[in-house]
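Each chain is listed here by its residues.
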Amino acid sequence: MDVCPNYHDLEVENGVSPVNFMQMIDSGSREEFAEKYDVVFLVLNIKGYAQENNVRVRWSCNHSRELPWYNLEVPTIGISLNYTNHLIDVPQLKTFINAYGPNREHIRAAIEKICGRSPFRGTASETVFCGRWETRL
């Protein structure tokens, strides 16, 4: 399992350097990425309900390899642990799960459902599609 680096963590670990930015935008070729990974889990754990009217996904730097540019090459599953409308920021993902909480119980339940050990129950509220046609493709 690999975890994509975060630009801010690189700045702390390596010191402030343009090399950190270059590392964040260098993700290799699409072919190399597809050969290396079978599946990608894009886990979004963003908080801030009281501080802002609109909570959006913010990548750690522009043109970052955190962005799900690989979703057509490698099956990609988006999982939101907090905010239920993150699909608006990653409408290109074909599989998106709202776990509704960042605690162990919610994360384990999402994993069990992804692995087929437990069925998905209930129906998605219309609000998860954010009123946008592209989130339904």
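Procedures and definitions
Residues numbered from 1 in each chain as written. Predicted model: local features only at pLDDT ≥ 70, side-chain atom pairs only at ≥ 80, totals over all residues. Heavy atoms only, no water. Pairing = 2+ DSSP bridges. Helix = DSSP H or I, 4+ residues; strand = E, 2+ residues; numbered from the N terminus. Axes fitted to C-alpha atoms, helices over the stretch in contact; angles between N-to-C directions. Buried < 20%, exposed > 50% of the residue type's maximum accessible area, 1.4 Å probe, protein only.

Participant: Run through the sheet that holds strand β1 (residues 40–44), naming residues and quoting values.
Facilitator: Hydrogen bonds between backbone groups are what pair the strands of a sheet, and the pairing can be parallel or antiparallel. Taken together, 3 strands build an open sheet; the order of strands is β1-β2-β3 and the sheet is parallel. Looking at strand neighbours, the two that pair on one side only are β1 and β3 (95–98), the edges of this open sheet. Adjacent strand axes in the sheet meet at a mean angle of 20°, parallel and antiparallel pairs treated alike. Both β1 and strand β2 (residues 76–80) contribute to a ladder of 5 bridges, which runs parallel. Opposite Leu42, over in β2, you have Gly78 as the bridge partner.

Participant: So, unusual backbone geometry: which residues are in play, and what are the values?
Facilitator: The phi torsion at His63 lies on the positive side, around 60°, for a residue other than glycine. Secondary-structure assignment places His63 in the loop between β1 and β2. Taking the relative accessible area as the measure of exposure, His63 reaches 64% and is therefore exposed. Positive phi is not limited to glycine here, since Cys130 has a value of about 60°. Tracing the chain through its elements places Cys130 in the segment after α4 (104–114). With relative accessibility at 22%, the residue Cys130 sits in the partly exposed group.

Participant: Go over the environment of Glu31 with me, naming the residues and quoting the values.
Facilitator: With respect to the helices and strands, the residue Glu31 is situated in helix α3 (residues 30–36). Taking the relative accessible area as the measure of exposure, Glu31 reaches 57% and is therefore exposed.

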